[in-house]
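Breakdown of the fold
Chain residues, written in single-letter form:
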Amino acid sequence: MNYQQPYPQQFQPPYQRLPVANGAGPGNGYTNGNGMFPRSSSMVSSPSIVVGAEEIRQRYRKLQPHDALDNEKDYKTIVHTVELPKLAVILKSKFSSDGKCREGPCGLKEEQAAAFAEEFGKNQISPPRKENKWLKLLRQLFCGIFNILLWVCVVAEVLLIIIFSGSNSKAAAQVANSSGSAVELEEEASDEQEADYVTPIILSAVIIMAALLQWYAEQKAEDQMEAMQKLQQSSLVPAVRRDSAGRRMEVEIDPVDLVPGDVIFIEAGSRIPADVRILHCTEGMEVDNSALTGESMPEPRVTKTEKLTCAPTEARNLAYFGTTVLKGNATCVVHAIGDSTFLGKIAQGIKSSRVKSTLEIQIEHFVTIIACVACIVGGLSLLANIFSPVRRTPAMILQNSATALFAQVPEGLLPTVTISLMIASGQMVKREVLVRKIDAVETLGCVSVFCSDKTGTLTKGEMTVQDLAVPRRPGPGGIAAEGLEVVVREPGGLFPKATEQLSLLGSCGILNNGANVRYDDDGEEKYVGSPTEVAIFRAGAEVCDGFEGVKNKPESQRLFEIPFNAENKWMLTVHGRPGASTAVAIIKGAPDRVLKFCSVQSDPAALAKIESCMQ
């Protein structure tokens, strides 16, 4: 076929363009998510490109869900329902027959990957538009209904000074009557004029200082968040591509340079760099989707093609950008990057105007009341001065009215609220909570009840073993006679000194385990695996004073493994020296399944002791 295979819209951002017709590359004709083609000389002169474009439109419609729109904002795709041979054609990639892609030419060709990179852009979610920090400072200085009210007071004071600066005591003396002396009015006018110079200066300083404090606190929080994001850069992704001659190329790609059709390899502890379709995975593979769904329980993954009725978020042959592999490893093909990923759709959906905080709503309500009260008081003061038996100049009448109006405005409220929120924000930082908008502190304080059905949104997704049960004397007879000993954590949070039986249990927990230990750049231990496996591994390490002494023994080498799955509800591992005549088998799982393989199954008294202990 002389044309390139189409790339359906659900596998690309709406704005992306795909080369059509012979020879992929810029200038040979493009289409965007709306099916619109920019006019070019090649399009006008080559009817074959127009035909190819129409064919892509038709194929694109067939590969879309029936309810999908041209500019779809929801995450809709049918990649999980497409058979792998057809998916390889759509993505212009190549997979091995077993899906492992460990041998032979697989993946995209380098020139095709370069063309896709030019068309699809970087594999990164478009960041929200960041406001210039100096414009932000100006907004905090002059915007906001309370700031506006205070600045109105400042401007009014300045205008009174400018307009009535020519008023003097002589004008006041000419309108004096029998009820007051010219000297008293002169002193009164002089005092008011002197006070007017101080008030606008102090009020302006209050507004500026409060805005500077809030701006500094929020800017510092944003800088800290940017620094944290830079520290969380993903490592290179192992992948496979083909050179121009079709030969296999083992490469490591920066996650931002991945394109649809790339075949990548992921393992336990890896952060999934894009939305991928699983080509092959080990039995019992699990991923942590709590970042997307809020569910702390790991979810299994398989390679089986799903039915058309299955929603993409329920498909078990897909893995999503930003999630983590807890157990197992897999070979995957990238089908969506950047803003077209599930996480990207969520990010685009929340890019809306910021909702006003509870504090802002309350302050607006309060300021509205204050403005009304101030206007009423100022108007009454104006009428009282006009109809007063004491004759005053127009300047004095306006100044008295303005003073009565300004007296209703609580100038100290703004710095008081700002400083209080900054103190609360500082206390949150001590609890390892970074506050980007200090108004959010007050909103959090208004919350009295949290309602959630997603434990992953309220917890760290970690589990801890609280107690252990071991036989007081080994063997069915010993269990039947003396029962089990329950070991609980001491007040310090650690298990007591291990006995022989407890050490044996801890060693089994370390060896028969799918969790791994990795070390970060600072040399700190990081446990990778499902929450249950990590909890058992940590408990075993505590009991045995570390896991290295157990795992590094020659006889601890794992020779065989049957991973845990939902049907068996147990995990089996065999350990020993390679080539040795003997080995040790360790099984772990649900009690009702595991006890069937144990010698205590034939001893009712021992089983009764075990069941009473578990209850």
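Everything discussed here concerns the structure shown above.
Bear in mind the structure is a predicted one, so any value in this text is a computation, not a measurement.

Cut-offs applied
- Residues numbered from 1 in each chain as written.
- Predicted model: local features only at pLDDT ≥ 70, side-chain atom pairs only at ≥ 80, totals over all residues.
- Heavy atoms only, no water.
- Helix = DSSP H or I, 4+ residues; strand = E, 2+ residues; numbered from the N terminus.
- Buried < 20%, exposed > 50% of the residue type's maximum accessible area, 1.4 Å probe, protein only.
- Areas by Shrake-Rupley, 256 points an atom, 1.4 Å probe, with all protein chains shown as cover.
- Core = buried A, V, L, I, M, F, W, Y, C linked by side-chain atoms within 4.5 Å.
- Contact = heavy atoms within 4.5 Å.
- Axes fitted to C-alpha atoms, helices over the stretch in contact; angles between N-to-C directions.
- Parallel < 35°, antiparallel > 145°, perpendicular 65-115°, else oblique.
- Left-handed = near helix turned anticlockwise from the far one by under 90°.
- Nonpolar A, V, L, I, M, F, W, Y, C, P; charged D, E, K, R; others polar.
- Pairing = 2+ DSSP bridges.
- Salt bridge = Lys/Arg side-chain N within 4 Å of Asp/Glu carboxyl O.
- Phe/Tyr/Trp six-rings, centres within 6.5 Å; stacked < 30°, edge-to-face > 60°.
- Expected span 1.5 Å × (residues − 1).
- Disulfide = S-S within 2.5 Å.

1. Notes on the overall build of the protein chain
- Per the secondary structure count, the protein chain includes 20 helices and 16 strands.
- Put simply, the protein chain has 615 residues, and 40% of those count as buried.
- Carbon and sulfur atoms form 58% of the exposed surface of the protein chain, whose accessible area is close to 34300 Å².

2. A word on the nonpolar core
- In terms of nonpolar packing, the biggest core is built from 24 residues, with Ile264 and Ile266 touching the most fellow members.
- Secondary-structure elements contributing two or more residues to this core are helix H4 (110–120), strand E1 (237–242), strand E3 (263–266), strand E4 (275–281) and strand E9 (330–336).
- Excluding residues within four positions of it along the chain, isoleucine 264 makes contact with Val237, Pro238, Ala239, Leu258, Pro273, Val276, Ala330, Thr331, Cys332 and Val334.
- Core analysis: the next-biggest nonpolar cluster, separate from the first, contains 21 residues, Val79, Cys101, Cys106 and Phe265 among them.

3. Considering the packing of helix H16 (residues 500–511) against helix H17 (residues 531–543)
- Where H16 contacts H17, the two axes come as close as 8 Å, and the packing angle between them is 140 degrees. On the basis of their axis angle, the class for H16 and H17 is oblique. The crossing of H16 and H17 is left-handed. Contacts from Leu502, Ser503, Gly506, Gly509 and Ile510 in H16 reach Ile536, Phe537, Gly540, Ala541 and Val543 in H17.
- For the contact of H16 with H17, the per-class residue count stands at six nonpolar, four polar and no charged.

4. Here's the deal with unusual backbone geometry
- For cysteine 101, which is not glycine, the phi dihedral falls at a positive 55 degrees.
- Along the polypeptide, cysteine 101 turns up in the loop between helix H3 (84–91) and H4.
- Under the relative-accessibility criterion, cysteine 101 is labelled buried at 0%.

5. Points about the side chain of glutamine 214
- Among the structural elements, glutamine 214 can be located in helix H8 (residues 182–231).
- Judged by its relative accessible area of 18%, glutamine 214 falls in the buried class.
- Look past the residues within four positions of glutamine 214 in its chain and what remains in contact with it is Gln140, Thr418, Met422, Ile438 and Asp439.

6. Comments concerning the sheet that holds strand E5 (residues 286–288)
- Judged by pairing direction, the sheet is antiparallel, and its three strands sit side by side in the order E6-E5-E8 without closing on themselves. Edge positions in the sheet fall to strand E6 (299–300) and strand E8 (324–327), since each of these pairs with one other strand and no more.
- Here E5 pairs with E8 via three bridges, running antiparallel. Residue pairing for E8: valine 287 is matched across the bridge by valine 325.

7. Concerning the environment of tyrosine 75
- Structurally, tyrosine 75 is set in the loop between helix H2 (47–63) and H3.
- Assessed through its relative accessible area of 12%, tyrosine 75 is described here as buried.
- Linking tyrosine 75 and phenylalanine 342, residues 267 residues apart in sequence, is a C-alpha distance of 5.9 Å.
- Non-local contacts of tyrosine 75, meaning those with residues more than four positions away in its chain, are made with Asp275, Pro312, Tyr320, His335, Ser340, Thr341, Phe342 and Lys345.

8. Here's the deal with the pattern of salt bridges
- This model, assessed by the stated rule, comprises 13 salt bridges.
- Where arginine 301 meets glutamate 299, a salt bridge forms, and the shortest distance between an N and an O atom there is 3.6 Å.
- What makes glutamate 299 partly exposed here is its relative accessible area of 23%.
- Put simply, Glu110, Arg241 and Asp262 are held in one network by salt bridges that share partners.

9. Looking at the sheet that holds E4
- Spatial ordering of the open sheet is given by E2-E1-E3-E9-E4-E7, a layout of six strands whose pairing is antiparallel. Because the sheet does not close on itself, it has two edges, and the strands there are strand E2 (248–253) and strand E7 (318–319).

10. Describing the side chain of histidine 80
- Assignment of secondary structure puts histidine 80 in the loop between H2 and H3.
- By relative accessible area, which is 1% here, histidine 80 ends up buried.
- Histidine 80 has contacts with Arg277, Thr305, Glu306, Cys310, Ala311, Pro312, Ala315, Asn317 and Leu318, leaving out every residue within four places of it along the chain.

11. Regarding the packing of aromatic side chains
- Per the counting criterion, the structure on display carries nine aromatic pairs.
- With a centroid separation of 6.0 Å and 75 degrees between ring planes, the pair formed by tyrosine 75 and tyrosine 320 is classed as edge-to-face. Of the two residues, tyrosine 75 sits in the loop between H2 and H3 while tyrosine 320 sits in the loop between E7 and E8, which places them 245 residues apart along the sequence.
- Judged by relative accessible area, which is 1%, tyrosine 320 ranks as buried.
- On the basis of an interplanar angle of 65 degrees and a centroid distance of 5.8 Å, the ring pair of tyrosine 527 and phenylalanine 537 is categorised as edge-to-face. With a gap of 10 residues between them, tyrosine 527 in strand E13 (residues 525–528) and phenylalanine 537 in helix H17 connect regions that are remote in the sequence.
- An aromatic cluster is built from Tyr75, Tyr320 and Phe342, whose rings are joined through pairwise contacts.

12. Side note on H17
- Along its 13 residues, H17 runs 18 Å from first to last C-alpha, staying within 8% of the 18 Å computed at 1.5 Å per residue.
- Where H17 is concerned, the buried positions are Pro531, Glu533, Val534, Ala535, Phe537, Ala539, Gly540, Ala541 and Val543.
- Positive backbone phi, approximately 55 degrees, marks aspartate 545, located one or two places after H17.

13. Notes on the state of the cysteines
- Counted according to the given criterion, the structure contains zero disulfides.
- The closest cysteine sulfur to the non-disulfide-bonded cysteine 544 is located on cysteine 508, 9.0 Å from its own sulfur.

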